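Understanding the architecture of this molecule
Chain by chain, the residues run as shown.
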Amino acid sequence: MPESLATPEPIQRLIEALHRLPGIGPKSAQRLAYHIVRTSPQEAEALARAVTEARERIRYCSVCVNLTERDPCAVCSDPRRDAGTICVVEQPLDVLAVERAGIYRGRYHVLHGILNPMEGIGPEHLHIDALVARVSTGEVREVIMATNPSLEGEATVMYVQRVLAPHGVRVTRLARGLPSGADLEYADTMTLARALEGRQEL
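Fair warning: this is a prediction, and the values are worked out from it, not measured in the lab.

**Focus: the side chain of Glu-90**
Structurally, Glu-90 is set in the loop between strand S3 (82-89) and helix H5 (92-101). Assessed through its relative accessible area of 7%, Glu-90 is described here as buried. Side-chain polar atoms of Glu-90 contact the backbone nitrogen of Asn-148, separated by 2.7 Å. Residue contacts for Glu-90: discarding those within four places in its chain leaves Val-110, Leu-111, His-112, Gly-113, Ile-114, Thr-147 and Asn-148.

This is the structure we're talking about:
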């Protein structure tokens, strides 16, 4: 019997919906779908309600463009955060990654993507104009580019650096080098090059 005939239509639609989520393959979507339909009605309703509430109540922060329930977000409205330093990241999840490090006390700006001409993503599709507007106030001393170390990430760094140049703000990027405990002989050339460029005085 074909799999599509063995799967009830409501479950098939749920599988297809879950499969559209990033990182969820067809097998994972099937497992999740069958797990959901086996849960109690209360648990299923709670999940559906959580999804609906998140979609309805979450918005973009008008300052940093991060996802938030209140505007401005908790970071932008915190007077203890340094407004003179902006860490630019690709996605909201990157903000969480930097926050987990526990040492950064500045503010953020979320681009919601990176330049990728092959996929038709240009500067107009990112929130670069909003970053330029923040820098143009004269309050920002440094912009830290924390994009991923890919070709597209590097292209985004160079573009942002170019558009911010007229404003005289310092533009830096995260140091990239050897992870703790790594063997030098196994390091790829890009990682080793970044480690040499980011060397520090002893």
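Having seen the structure, we can now continue with the description.
**With respect to the pattern of salt bridges**
In this structure the tally under the stated criterion is 8 salt bridges. Here Arg-13 ties to Glu-9 by a salt bridge, and the two come within 3.0 Å at their closest N and O atoms. Here Arg-13 and its partner Glu-9 are both found in helix H2 (residues 9-19), 4 residues apart, which amounts to about one turn of the helix. According to the relative accessible area criterion, Arg-13 is partly exposed, its value standing at 48%. A residue is classified by how much of its surface remains accessible, and Glu-9, at 56% relative accessible area, is exposed.

**Topic: helix H3 (residues 26-38)**
For H3, which comprises 13 residues, the first-to-last C-alpha distance of 19 Å matches the rise-based estimate of 18 Å (1.5 Å per residue) to within 8%. Buried residues of H3: Ala-29, Ala-33 and Ile-36, and no others. Projected onto a plane normal to the axis of H3, the buried residues spread over an arc of 65° and lie on a single side. Exposed and facing more than 90 degrees away from the buried side of H3 are Lys-27, Arg-31 and Arg-38. At its buried positions, H3 is contacted by H2 and helix H4 (41-57).

**Quick notes on the packing of aromatic side chains**
Applying the stated criterion to the full structure yields 1 aromatic pair. Centre to centre, the rings of Tyr-104 and Tyr-108 are 5.2 Å apart; their planes meet at 65°, and the pair counts as edge-to-face.

**Focus on the domain arrangement of the chain**
When the domains of the chain are assigned, the result is domain 1 (3-57) and domain 2 (67-174). Using only C-alpha atoms to locate each centre, domain 1 and domain 2 end up separated by 34 Å.

**Description of the nonpolar core**
Nonpolar side chains tend toward joint burial in soluble globular proteins. If you look at the biggest cluster of nonpolar residues, it comprises 15 residues, and the most contacted ones within it are Val-88, Leu-131, Val-135, Val-143 and Leu-164. Counting only elements with at least two residues in this core, the list comes to S3, helix H6 (128-135), strand S5 (142-145) and helix H7 (151-164). With near-sequence residues (within four places) excluded, Val-88 lies in contact with His-109, Leu-111, Leu-131, Val-143, Ile-144, Met-145, Ala-146 and Thr-147. In terms of nonpolar packing, the next biggest core, distinct from the first, is built from 13 residues, Cys-73, Val-75, Cys-76 and Tyr-104 among them.

**So, H6**
Looking at H6, one finds that the buried residues are Ile-128, Leu-131, Arg-134 and Val-135. All buried residues of H6 fall inside an arc of 115° around its axis, so they share one side. On its buried face, H6 is in contact with S3, strand S4 (106-110), S5 and H7.

**Examining the packing of H6 against H7**
Closest axis-to-axis distance for the H6/H7 pair is 10 Å, and the angle between their directions is 40°. By the angle between their axes, H6 is oblique relative to H7. In this structure, the crossing between H6 and H7 has a hand that is right-handed. Counted together, Ile-128, Leu-131, Val-132 and Val-135 of H6 and Tyr-159, Val-160, Val-163 and Leu-164 of H7 form the full contact between these two elements. Partitioned by chemical class, the residues of the contact of H6 with H7 number 8 nonpolar, no polar and no charged.

About the criteria used
- Residues numbered from 1 in each chain as written.
- Predicted model: local features only at pLDDT ≥ 70, side-chain atom pairs only at ≥ 80, totals over all residues.
- Heavy atoms only, no water.
- Helix = DSSP H or I, 4+ residues; strand = E, 2+ residues; numbered from the N terminus.
- Buried < 20%, exposed > 50% of the residue type's maximum accessible area, 1.4 Å probe, protein only.
- Polar contact = N/O pair within 3.5 Å; in protein donor to acceptor, adjacent residues only side chain to side chain.
- Contact = heavy atoms within 4.5 Å.
- Salt bridge = Lys/Arg side-chain N within 4 Å of Asp/Glu carboxyl O.
- Expected span 1.5 Å × (residues − 1).
- Arc of directions from axis to C-beta.
- Phe/Tyr/Trp six-rings, centres within 6.5 Å; stacked < 30°, edge-to-face > 60°.
- Domains from an automatic or database assignment.
- Core = buried A, V, L, I, M, F, W, Y, C linked by side-chain atoms within 4.5 Å.
- Axes fitted to C-alpha atoms, helices over the stretch in contact; angles between N-to-C directions.
- Parallel < 35°, antiparallel > 145°, perpendicular 65-115°, else oblique.
- Left-handed = near helix turned anticlockwise from the far one by under 90°.
- Nonpolar A, V, L, I, M, F, W, Y, C, P; charged D, E, K, R; others polar.

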